[in-house]
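The residues making up each chain are set out below.
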Amino acid sequence: MSDEECPHMGSCEMYQLFSFAGTLATWKINYCTGEYARCERYKRASSGRDVPVNLMPNGALLKKKAAGAPE
Amino acid sequence: MKQRAGTLLIGLLFGFSLSRIGFGSWGQVHDMFTFRSWRLILTFAAAIAVLAASWAIIRAVSNPKWTKRKIHPGTLIGGAIFGVGWAVSGACPSIALVQLGEGQLGAVWTIAGLFVGNWLYPVIHERFFKWTPGTCADP
Amino acid sequence: MSYWPWWASGLALAAVMVGNWLLLRQMMAVSGRYTAIVDGLRRRFVERAHDDDADAEMTPEELAEAVRAVTVQEFGEQAIEARQPAVPPPLLAPRSPTAVHTLFFGGLLLGGLVSSLLAGTWAPSMGLHGERFAALVRHSPLVTPLVLLFGGMCIGFGTRMSTGCTSGHALCGVSRFRPASILATCAFFATGVGASFILERLL
């Protein structure tokens, strides 16, 4: 798969977060380069829908209780 | 809290200004679009000029984070559709509310249509449009 | 009402835009507020999502913990670095709740109300004020809602499609020389003019 970067990178709030710590680079590698079309944020934005600010690329939502990904 | 008070205040000042400028009048807007009167066109020009200077100063003094917006097919087509709506109803998203405040109760229909149109867009986009608006930030 | 002259009008609009930035650190974007309300409703009633934007409001520690949990769930424990960064991560700014957007709309409405009351031009009308609009809708209380609904739908659909309206594109966008805004503004002025000349024939 090509190493094309997600075109939404520049304005994505999650991307800012992922650029922050080494741990989070995993997300960048898996979702922001190459197969960025499987990122939930990209999918929603591309279809004109809103993107919750705490939506992770795999569809999980970041929540205070940190109980993991709700369904 | 401060955000709410500030938002209300700005809304108030904006609404008041739009009313006094004459944007709430269907006739005034029509005159603008048919070039019978240049007052509103000059208003835009003046506002844009002052704003250009203001943003330049703000950019020089602080480091504002302004999101970039890319051009996509929706930019042109959406703009074109909006223009038709403006000509027909005399309103834009803010003016419709100002009209309502002025007693022009027909604006209720304009606002209802606004919400319906806005609701419809992602439905249509998902079905028929292939491009991406280029951002996952606030539309 | 005797309207403000063009230079005072222009100045007032600019002042409101700049004031909005200085006070709220936001670029004026009115169509976006409609979008936020619509999407909030869609999320609540169509997708039955029970999450809240309040969930996104976290302290740095809560955010770090939330991210850690989701990262482990997706990639496993080995994805987590042992060493934690010294500086807290950038916070996710939650989007404004519907209440804030409603306040803005309320402000617009109040502004129109106060202005017209002070000018003595407030008058209830089932349609819009003025002879020209009345002529357009043939003085008919049946045609009025149809025309305005259609107009409103064009506005709602078109502004969401181009991600902006007059304040966002024509004022804040063009004054910052943004190509997308310049294009959108040219587009809606062009069709605004075109449509108006066509409507002229119907008046």
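1. Topic: the overall build of chain A
Part 1 of the argument: Assigned secondary structure in chain A consists of 3 helices and 0 strands.
Part 2 of the argument: Counting over 71 residues, chain A shows a buried share of 55%.
Part 3 of the argument: For chain A, long-range pairs separated by at least 24 residues make up 46% of all intrachain contacts whose partners lie at least 6 apart in sequence.
Part 4 of the argument: Summing over all exposed atoms, chain A offers an accessible surface of approximately 3,100 Å²; the carbon and sulfur share of this is 49%.

2. Quick notes on the overall build of chain B
Part 1 of the argument: When you go through chain B residue by residue, the secondary structure sums to 6 helices and 0 strands.
Part 2 of the argument: Its helices and strands in sequence order give chain B the pattern α-α-α-α-α-α, from N to C terminus.
Part 3 of the argument: Each principal axis of the C-alpha atoms in chain B carries an extent, and together these give about 45 × 40 × 40 Å.
Part 4 of the argument: Expressed as a percentage of its 139 residues, the buried residues of chain B come to 59%.
Part 5 of the argument: As presented, chain B carries roughly 5,600 Å² of accessible surface, and 71% of it is formed by carbon and sulfur atoms.
Part 6 of the argument: When the 12 basic and 4 acidic side-chain charges of chain B are each reduced to a single mean position, those positions are 10 Å apart.

3. Some remarks on the interface of chain A and chain B
Part 1 of the argument: Across the contact, 13 residues belong to chain A and 11 residues belong to chain B.
Part 2 of the argument: Interface area, chain A with chain B, both sides summed: about 1,000 Å², of which 56% is carbon and sulfur.
Part 3 of the argument: On the chain A side of the interface with chain B, the three residues burying the most area are His8, Ser11 and Ser47 of chain A, jointly 40% of the side's total.
Part 4 of the argument: Here chain A is connected to chain B by 1 salt bridge.
Part 5 of the argument: Linking Arg49 of chain A and Glu126 of chain B is a salt bridge whose minimum nitrogen-to-oxygen distance equals 3.8 Å.
Part 6 of the argument: In terms of residue count, helix α3 (residues 40–46) of chain A provides more of the side of chain A that touches chain B than any other element does, 4 residues in total.
Part 7 of the argument: Here the side of chain A that touches chain B is composed, by residue class, of 5 nonpolar, 5 polar and 3 charged.

4. Quick look at helix α4 (residues 73–89) of chain B
All names here are of chain B.
Part 1 of the argument: Taking 1.5 Å as the rise per residue, α4 with 17 residues should run 24 Å; its terminal C-alpha atoms sit 24 Å apart, in good agreement.
Part 2 of the argument: When we look at burial in α4, the residues that qualify are Gly74, Thr75, Gly78, Gly79, Phe82, Gly83, Gly85, Trp86, Ala87, Val88 and Ser89.
Part 3 of the argument: Two residues or fewer after α4 comes Gly90, characterised by a positive phi angle close to 75°.

5. Observations concerning the confidence of the model for chain B
Any region with low pLDDT has predicted coordinates that should not be read closely.
Part 1 of the argument: Taken over all residues, the pLDDT of chain B has a mean of 93, while the share at 70 or more is 98%.
Part 2 of the argument: Averaged pLDDT values for the elements of chain B fall to 95 in helix α6 (residues 107–128) of chain B and rise to 98 in helix α5 (residues 95–101) of chain B.

6. Structural notes on the confidence of the model for chain A
Part 1 of the argument: Considering every residue of chain A, the mean pLDDT works out to 79; 82% of them sit at 70 or more.
Part 2 of the argument: Looking across chain A, the model is least confident in helix α1 (residues 13–18) of chain A, with a mean pLDDT of 80, and most confident in α3 of chain A, with 88.

7. Details of the interface of chain B and chain C
Part 1 of the argument: Each partner contributes to the interface: chain B provides 106 residues, whereas chain C provides 110 residues.
Part 2 of the argument: Carbon and sulfur atoms make up 76% of the area that chain B and chain C hide from each other, which totals about 9,900 Å².
Part 3 of the argument: Of all residues in chain B, Arg20, Trp26 and Trp55 of chain B give up the largest surface area on contact with chain C, accounting jointly for 7% of the area buried on that side.
Part 4 of the argument: Inspection of the region where chain B meets chain C yields 2 salt bridges.
Part 5 of the argument: Two residues, Arg36 of chain B and Glu200 of chain C, come together in a salt bridge whose shortest N-O distance is 2.3 Å.
Part 6 of the argument: Summed over the shared surface of chain B and chain C, the number is 24 residue pairs in polar contact (both at pLDDT 80 or more).
Part 7 of the argument: For the side of chain B that touches chain C, the secondary-structure elements that each account for two or more residues are α1 (2–21), α2 (26–33), α3 (39–61), α4, α5 and α6 of chain B.
Part 8 of the argument: Here the side of chain B that touches chain C gets 19 residues from one element, more than from any other, and that element is α1 of chain B.

Definitions and cut-offs
- Residues numbered from 1 in each chain as written.
- Chains lettered and ligands numbered in written order.
- Predicted model: local features only at pLDDT ≥ 70, side-chain atom pairs only at ≥ 80, totals over all residues.
- Heavy atoms only, no water.
- Helix = DSSP H or I, 4+ residues; strand = E, 2+ residues; numbered from the N terminus.
- Buried < 20%, exposed > 50% of the residue type's maximum accessible area, 1.4 Å probe, protein only.
- Contact = heavy atoms within 4.5 Å.
- Areas by Shrake-Rupley, 256 points an atom, 1.4 Å probe, with all protein chains shown as cover.
- Lys, Arg positive; Asp, Glu negative; His and termini not counted.
- Charge placed at Lys NZ, Arg CZ, Asp CG, Glu CD.
- Buried area = accessible area lost by both parts, 1.4 Å probe.
- Salt bridge = Lys/Arg side-chain N within 4 Å of Asp/Glu carboxyl O.
- Nonpolar A, V, L, I, M, F, W, Y, C, P; charged D, E, K, R; others polar.
- Expected span 1.5 Å × (residues − 1).
- pLDDT = per-residue confidence, 0-100.
- Polar contact = N/O pair within 3.5 Å; in protein donor to acceptor, adjacent residues only side chain to side chain.

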